[in-house]
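Spelled out from the first residue to the last, the chains are:
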Amino acid sequence: MTTAPTKLTGIHFNWGTGILLSFVFFMCFILYFVIKVQSNSKYDNELVVDEYYKKDAHFETEMMQLQNAHDLAQQPQISTNAQGILVVFPAQFDPAQLKGTVSLYRPSNQKLDFEMPISTSSSTLLIPKKSLVGGLWDITLHWEYEGKSYLETQRLYYTN
């Protein structure tokens with residue numbers, strides 16, 4: 001005994017039609033979520049770095065600066081304390097001759113990112129806790145000393 005294909009309003013509904021309808025519904029389902037994520041401001045679609053290609057062009061220079069910092073007898077130390085984040089530069093550096101910046105990048109929220117100049121009268125630099133929110137921070141020290149550039153990066157979890 002054979003069964004005849006089911007008729008739905010004049011359309012023969014067989015396996016081919018079922019598979020085609022499944023694909024169409026699946027594509028509509030995926031398209032709905034793509035549009036929802038792109039149009040809703042709740043979902044953050046920011047780039048990690050604003051000028052990605054410009055940053056990538058300086059990759060070799062950054063690698064050289066990282067190597068300079070790595071070759072130091074004593075690397076800068078980055079730690080947390082009750083007042084905030086403390087950066088301790090090597091004792092061999094004269095603090096008056098240090099120039100550069102400290103960049104704090106928050107992976108979860110670009111609005112919390114900030115940069116501050118390195119200006120110290122001692123070998124320590126304090127980033128006050130009023131400037132910080134608890135969570136993960138990527139810290140980049142970029143400094144110059146006696147004409148030589150250095151770069152140090154560290155990922156730190158800060159708790160208030």
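See above for the structure.
Residues numbered from 1 in each chain as written. Predicted model: local features only at pLDDT ≥ 70, side-chain atom pairs only at ≥ 80, totals over all residues. Heavy atoms only, no water.

Undergrad: Would you take a moment to explain the nonpolar core for this structure?
TA: One recurring pattern in soluble globular proteins: nonpolar side chains tend to sit buried together. By size, the foremost hydrophobic cluster in this structure holds 23 residues, and its most contacted members are Ile 85, Phe 89, Val 102 and Trp 143. At the level of secondary structure, the elements contributing two or more residues to this core comprise strand S4 (84-88), strand S5 (99-105), strand S7 (124-128), strand S8 (135-145) and strand S9 (148-158). Among the elements that make up this core, the one with the highest residue count is S8 (5 residues). Val 102 has contacts with Phe 114, Glu 115, Met 116, Ile 118, Leu 125, Ile 127, Ile 139, Thr 140 and Leu 141, leaving out every residue within four places of it along the chain. (Core = buried A, V, L, I, M, F, W, Y, C linked by side-chain atoms within 4.5 Å. Buried < 20%, exposed > 50% of the residue type's maximum accessible area, 1.4 Å probe, protein only. Helix = DSSP H or I, 4+ residues; strand = E, 2+ residues; numbered from the N terminus. Contact = heavy atoms within 4.5 Å.)

Undergrad: I'm lost on the pairing of S7 in this one. Help?
TA: Successive residues of a regular strand alternate their side chains across the two faces of the sheet. Burial along S7 is one-sided: Leu 125 and Ile 127 are buried, while Thr 124, Leu 126 and Pro 128, pointing the other way, are not. Here 5 bridges tie S4 to S7, and the two strands are oriented antiparallel to one another. The residue of S7 that forms the bridge with Val 88 is Thr 124. (Pairing = 2+ DSSP bridges.)

Undergrad: Hey, could you run me through the side chain of Ser 149 in this one?
TA: Looking at where Ser 149 falls in the secondary structure, it is placed in strand S9. Under the relative-accessibility criterion, Ser 149 is labelled buried at 18%. Look past the residues within four positions of Ser 149 in its chain and what remains in contact with it is Gln 65, Asn 68, Trp 143 and Glu 144.

Undergrad: Mind showing me how you'd approach the sheet that holds S7 here?
TA: Remark on secondary structure: sheet strands pair via backbone hydrogen bonds, oriented parallel or antiparallel. The 3 strands lie next to each other as S3-S4-S7, forming an open sheet whose pairing is antiparallel. Every interior strand has two partners, whereas the edge strands, strand S3 (77-81) and S7, have only one. Neighbouring strand axes in the sheet, compared pairwise and without regard to direction, differ in orientation by 20° on average. Across 5 bridges, the pairing between S3 and S4 is antiparallel. Across the sheet, residue Thr 80 finds its bridge partner in S4, namely Ile 85. (Axes fitted to C-alpha atoms, helices over the stretch in contact; angles between N-to-C directions.)

Undergrad: So what exactly am I meant to see when it comes to a nonpolar patch on the surface here?
TA: On the surface, a nonpolar cluster with roughly 1100 Å² of combined accessible area is contributed by Ile 19, Leu 20, Phe 23, Val 24, Phe 26, Met 27, Phe 29, Ile 30, Tyr 32, Phe 33 and Val 34. Relative to the elements of secondary structure, Ile 30 occurs in helix H1 (residues 15-39). Its relative accessible area of 38% is what places Ile 30 among the partly exposed residues. (Patch = residues over 30% accessible without salt bridge, like charges linked within 9 Å, V, L, I, M, F, W, Y side chains within 5 Å. Areas by Shrake-Rupley, 256 points an atom, 1.4 Å probe, with all protein chains shown as cover. Salt bridge = Lys/Arg side-chain N within 4 Å of Asp/Glu carboxyl O.)

Undergrad: I tried to follow unusual backbone geometry on my own but got confused; where do I start?
TA: In terms of backbone geometry, most residues other than glycine have negative phi values and most peptide bonds are trans. For Glu 146, which is not a glycine, the phi torsion comes out positive at approximately 50°. Relative to the helices and strands, Glu 146 is located in the loop between S8 and S9.

Undergrad: Where do I start with the side chain of Asp 138 in this structure?
TA: Looking at where Asp 138 falls in the secondary structure, it is placed in strand S8. A polar contact of 2.6 Å, which involves the side chain of Asp 138, links it to the side chain of Arg 155. Non-local contacts of Asp 138, meaning those with residues more than four positions away in its chain, are made with Ser 103, Leu 104, Tyr 105, Pro 107, Gln 154 and Arg 155. (Polar contact = N/O pair within 3.5 Å; in protein donor to acceptor, adjacent residues only side chain to side chain.)

Undergrad: What is the right way to look at the sheet that holds S9 in this model?
TA: The 4 strands are arranged S6-S5-S8-S9 in an open sheet whose pairing can be described as antiparallel. Looking along the sheet, the strands with just one partner apiece sit at the ends: strand S6 (114-117) and S9. For this sheet, the mean angle separating the axes of adjacent strands, direction not counted, is 15°. Two elements, S5 and S8, share 7 bridges in a ladder whose sense is antiparallel. Looking across to S8, one finds that Val 102 is bridged to Leu 141. In this fold helix H3 (residues 59-70) packs onto S8 and S9, with an angle of close to 80° to the strand it touches most, S9.

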